[in-house]
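# Residue-level structural notes
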Amino acid sequence: MKKLFLLCFLVVLSGNFYAQETATTTKAKSEATAKKKKATADKAAADAKKESAKAKKSADDATAAASKAKKESASATKKTADKEAAKAKKSADDATTAASKAKKESASAAKKSADKEAAKAKTSADKAKSSADKAKTSADKAKKDATATKKSATKTLKETNEKAPSVPDKVTGEYNGKKVYTGPRGGRYYINKNGNKTYIQD
């Protein structure tokens, strides 16, 4: 009986000892797990913090790059605008110069044309004056001829059978397109178509 009681006591004691050891082991394991979890959590937090810092840095870099790009784009746009403005100004200046040149050339051409027309008009006027002078001369000649004809018409003619002398007398005028000679005694005559003398009597 003592043996049985001793055996039971041993079983109870060993069970208690093992239970205590199990609880200690479980506690140690739990603490280790908690430490491990805490370390993992700390590591995760540190990693998250690093990632956050990295993301913040990336965001700052992106913002700086965007700002730089915006500045460069604005600068490039300004340069392009300045270039286009300079080009437009040059085109306007060229157009003004061309217009001025065309105006000068047009004025010069108009002056040349006017001078040419004036010269033509002067030539025409000179020709007209010359024609008028010729006409006046012709009129004067016609008047003279008419006067001479009238004079001739009043003269009486006396045709003779006297032949023209071998040595002609002095020519003193013209009558109806024929030469008028003055004889030794002062008589005036011309040679008719028969070769005879025809005296002109006033």
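Check the entry above for the structure.
Residues numbered from 1 in each chain as written. Predicted model: local features only at pLDDT ≥ 70, side-chain atom pairs only at ≥ 80, totals over all residues. Heavy atoms only, no water.

## What about the overall build of the chain?
Across its full length, the chain holds one helix and five strands. Starting at the N terminus and walking to the C terminus, you meet the elements of the chain as α-β-β-β-β-β. Across the 202 residues in the chain, those meeting the buried criterion constitute 6%. When contacts within the chain are restricted to residue pairs at least 6 apart in sequence, long-range pairs at least 24 apart make up 41% of them. Looking at the chain as shown, the accessible area adds up to about 17400 Å², and 60% of this sits on carbon and sulfur atoms. (Helix = DSSP H or I, 4+ residues; strand = E, 2+ residues; numbered from the N terminus. Buried < 20%, exposed > 50% of the residue type's maximum accessible area, 1.4 Å probe, protein only. Contact = heavy atoms within 4.5 Å. Areas by Shrake-Rupley, 256 points an atom, 1.4 Å probe, with all protein chains shown as cover.)

## Here's the deal with the pairing of strand E3 (residues 178–182)
Here five bridges tie strand E2 (residues 170–175) to E3, and the two strands are oriented antiparallel to one another. Within E3, the position partnered with glutamate 174 by the bridge is lysine 179. The loop that links E2 with its antiparallel partner E3 comprises two residues; one of these, asparagine 176, has a positive phi angle of about 50°. With two bridges connecting them, E3 and strand E4 (residues 188–191) associate as antiparallel partners. Following the sheet pairing, threonine 182 is matched in E4 by arginine 188. Joining the antiparallel neighbours E3 and E4 is a turn of five residues, in which glycine 186 adopts a positive phi near 95°. (Pairing = 2+ DSSP bridges.)

## Regarding the packing of aromatic side chains
Applying the stated criterion to the full structure yields three aromatic pairs. Ring centres of tyrosine 175 and tyrosine 190 lie 5.7 Å apart, and the angle between their planes is 35°; on these two criteria the pair is classed as tilted. Here tyrosine 175, found in strand E2, pairs with tyrosine 190, found in strand E4; they are 15 residues apart in sequence, far enough to count as distant. As far as the burial class goes, tyrosine 175 and tyrosine 190 line up, both buried. An aromatic cluster is present here, built from Tyr181, Tyr189 and Tyr199 joined pairwise through their rings. Looking at lysine 197, its charged tip hangs above the ring of tyrosine 189, at a distance of 4.6 Å from the centre. (Phe/Tyr/Trp six-rings, centres within 6.5 Å; stacked < 30°, edge-to-face > 60°. Lys NZ or Arg CZ within 6 Å of the ring centre and 35° of its normal.)

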